[in-house]
Each structure stands twice: as C-alpha cells, then as structure tokens.
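Okay, here's what each chain looks like letter by letter:
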Amino acid sequence: MRKPLVVALCALALAGAGATPAVAAAPSPTGADTTTGTAPATSLTDVVNDTVGAVADTLSGLTAPKSAAVNFAGTVSLSNCSGSVVRMPDSAASDPALVLTNGHCLESGFPAPGQVLTDRASSRTFGLLNASGAKVATLRADRLVYATMTDTDAAIYRLNTTYARIKSAYGIDPLTLSSSRPAAGTAISVVSGYWKRIYSCSVDGFAYRLKEGDWTWKDSVRYTSACDTIGGTSGSPVVDDATGKVVAVNNTGNEDGARCTVNNPCEVDQNGGVTVRQGINYAQQTYPFTACFTTGNRLDLSASGCTVPKP
C-alpha cells in the first residue's frame, strides 16, 4: 500500500535545514500505512503538504518520466494519498463531481476485510491540480459514496460542487473512467497528484488474486518495472495513454520481496500457486464502477452489470 509515513517530518526537515531538493533524498517506499485525518485549509497539515508539493515539483522535474500526452489536469492531492476528479461515461456536466482514490486512503482508517462503506458523511478536502501540476483550488467532499478494500481497493467521494462549476472556475475537466477492461501491453501513465509526478510504463499482465496481509484483490493490473511507484502515489489514476481514460487506480507494490505481507503483496493463481515479484507494483481496475452509477452520479449497487462488492 503506497502511502507516506514520514512525509511531514521530511518536509519540515528540508525546510528547516535549508537543504535543496536536488540534494535531499527522494522518499522511499513506506512500511505500514498510517491514517491522516482531514484538516482545515489553513491547518499545519496543509502547510506541510504545500511544502512537500514544492519539493516534489522540483524532484519530479529532475527524475520523473512523463508521458507527452498525459498531464496533471483533474488530478488531486489528498492529505496522505493521490486521487482524481472522475466522471462516468454518461455523467452530465451538471452532476455532482466525484473523486476517486484508494480505500486504504480513507481518513477513518483501513476498511476491514469484507467491509464495504457507502453513503457516509465526509468533509474531506482535495487539492485540485492543473495541467502543469500547480494547485488551483481546494475542493471539498460532502459524502463518501463508496469505499472498500475487498476484491478491489477503491474509494469514491462526492464533492459539494459540479463538473460544470469546476470547469467554469478553473478550466479543468474531469477524467473519464473507461468502461472497458484494459489489455496487456497497453501504454499507461500513473499520475500522482500528491508528488506531482507521472510514471510511464505498460500493463505487464494481471494477477488473478493479489494478497496483501489480510486483504485480497481480484484481477489486479501488474505494471512493467518502469512504474516504480512510491509512498504517496496510492490512489493515483492509471491512464490509458491512447484514450486518456482512467483504467485503474494505483494501490500497492512488493517492496522487500516478502510473501503476502503488508507492503509485500503476492500473486495467487487459479491453482493456489504463489508468485512474489519484488519491486513490481500494481493497480485495481476501475471499469466495474461504470455500471454502478446512474443518472445524477447516484450509486446503485443493484444496477444491472454492477459487480463491485456490496455491504
């Protein structure tokens, strides 16, 4: 699971010591995740996040591979993860906007295995980025629409504004969820709003089951090695370079070569065989959600074709 443990301390140390980002070490993949609560826009948390963002801007310019077509427009930074403003294929401009991230990025902590959360009050904030990765607004949720870490690792928030209002105020369109399963070999970009960094690689294949600690995910996307995602990239949209549509949400990677432990997921095949791929990272497919939202971006888990886990 890809979230930072000591981001705040690193950012403050960099600021206090006067170290330049070019000299400072880039963040390493983390150990067990922590949960960071939502903070007001003027809190120390936001100040720290802005500092981290500035450091990340410089680091990403030096080190990050970037797709020529894919940019940061519509992505968001969370207090502890990445995410994106997304629309379903049939969403209208007047619909309340949605934000996609990981279930393990919830401010309330990890959902338990088998747990599905729906229609919960939320006032979580998100930093909206433009094409170059600059923060242009703070968006706020009014509901947690859906979240789980069972079969998939996803959370969808509803904002207190519409796509049309975001477009009018900031000139930014949402990303569209693809209604199709991606194919092996597809060129993709993992776009982290937290670090303002884009990772470019391809879909290497799919894990029948991906097991990490107490959680198991189905039909996970496995990246080729070029997408060496780090802590803070959790929740990043995985974008098909050819279509510009979101095909998955980035969520984890095997850091140490351990077998099926937290931060060290393993692949389990249909016969129960286990494969460990140290240094390889994964995402959860998002096309199943497109069948679960109806008119007005309302979640309908009973809709035809909706196969995501239910409470």
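Residues numbered from 1 in each chain as written. Predicted model: local features only at pLDDT ≥ 70, side-chain atom pairs only at ≥ 80, totals over all residues. Heavy atoms only, no water.

Trainee: For this particular structure, what's the right way to read the overall build of the protein?
Mentor: A tally of regular secondary structure across the protein gives three helices and 18 strands. For the protein, buried positions account for 53% of its 311 residues. If you take every contact in the protein between residues at least 6 apart in sequence, the share linking residues at least 24 apart comes to 70%. Roughly 12100 Å² of accessible area belongs to the protein as shown, and the carbon and sulfur atoms make up 52% of that amount. (Helix = DSSP H or I, 4+ residues; strand = E, 2+ residues; numbered from the N terminus. Buried < 20%, exposed > 50% of the residue type's maximum accessible area, 1.4 Å probe, protein only. Contact = heavy atoms within 4.5 Å. Areas by Shrake-Rupley, 256 points an atom, 1.4 Å probe, with all protein chains shown as cover.)

Trainee: Even after reading the chapter, I still don't get the pattern of salt bridges, so can you show me in this structure?
Mentor: Following the criterion strictly, the structure yields nine salt bridges and no others. Notably, a salt bridge pairs D219 with R181, separated by 2.7 Å at the nearest N-O pair. Separated by 38 residues along the polypeptide, D219 in strand β11 (residues 215-223) and R181 in the loop between β8 (175-176) and β9 (187-192) bring together distant segments of the chain. Judged by its relative accessible area of 24%, D219 falls in the partly exposed class. Here D204 makes a salt bridge to R222, at a shortest N to O gap of 2.8 Å. Of the two residues, D204 sits in strand β10 (residues 197-212) while R222 sits in strand β11, which places them 18 residues apart along the sequence. Judged by relative accessible area, which is 39%, D204 ranks as partly exposed. Through salt bridges with shared partners, one network takes in D204, R222, E267 and R277. (Salt bridge = Lys/Arg side-chain N within 4 Å of Asp/Glu carboxyl O.)

Trainee: I would appreciate a short explanation of the side chain of S82 in the present structure.
Mentor: By the secondary structure assignment, S82 is in strand β2 (residues 82-87). A distance of 3.1 Å separates a polar atom in the side chain of S82 from the backbone nitrogen of Y194. In this structure S82 touches V76, T101, S192, G193, Y194, G232, T233, S234, G235 and S236, once residues within four positions along its chain are discounted. (Polar contact = N/O pair within 3.5 Å; in protein donor to acceptor, adjacent residues only side chain to side chain.)

Trainee: Is there a simple way to explain the pairing of β10 in this structure?
Mentor: Side-chain direction in a regular strand flips from residue to residue, so the side chains alternate between the two faces of the sheet. By the bridge criterion, six bridges tie β9 to β10 in an arrangement that is antiparallel. By the bridge assignment, S192 is partnered in β10 with R197. Adjacent in sequence and paired antiparallel, β9 and β10 are bridged by four residues, among which K196 carries a positive phi angle near 55°. Two elements, β10 and β11, share eight bridges in a ladder whose sense is antiparallel. (Pairing = 2+ DSSP bridges.)

Trainee: Could you clarify how one ought to interpret unusual backbone geometry in this entry?
Mentor: Note: most peptide bonds trans; most residues except glycine with negative phi. In this model, C260 sits at a positive phi of 65°, which is unusual for a non-glycine residue. Counting through the fold element by element, C260 comes out in the loop between β13 (246-253) and β14 (266-268). Since its relative accessible area comes to 14%, C260 is described here as buried. In the Ramachandran plot, N263 falls in the positive-phi region, its phi being about 75° despite a non-glycine side chain.

Trainee: Honestly, the environment of Y287 in this entry has me stumped. Any pointers?
Mentor: In this structure, Y287 sits in the loop between β16 (281-285) and β17 (293-294). Separated by 39 residues in the primary sequence, Y287 and A248 place their C-alpha atoms 7.6 Å from one another. Setting aside chain neighbours within four positions, we find Y287 in contact with S178, S179, S180 and R181.

Trainee: Mind showing me how you'd approach empty space enclosed by the protein here?
Mentor: If you roll a probe as big as a water molecule over the atoms, it shows you where there is empty space left. Within this structure, the stated rule accounts for one cavity of 30 Å³ or more. In this structure, the largest cavity spans a volume of roughly 30 Å³. Surrounding the largest cavity, V85, Y163, I166, I172, D173 and P174 form its lining. Residue composition of the lining of the largest cavity, by class: five nonpolar, no polar and one charged. (1 Å grid on protein atoms, 1.4 Å probe; cavity = no way out; pocket = protein on both sides within 12 Å on 5 of 7 lines; lining within 4 Å. Points joined across faces, edges and corners; volume = space filled by probe spheres on them. Nonpolar A, V, L, I, M, F, W, Y, C, P; charged D, E, K, R; others polar.)

Trainee: Any chance you could explain the state of the cysteines here in plain terms?
Mentor: By definition, a disulfide links the sulfur atoms of two cysteines through a covalent bond. The final tally for this structure, using the stated rule, is four disulfides. Two residues, C260 and C266, share a disulfide whose sulfurs are 1.9 Å apart. As the torsion about the S-S bond is roughly 100°, the C260-C266 disulfide counts as right-handed. Like C260, the residue C266 is buried in the burial classification. Going through the protein in sequence order and numbering each bonded cysteine, the pairs you get are 1-2, 3-4, 5-6, 7-8. (Disulfide = S-S within 2.5 Å.)

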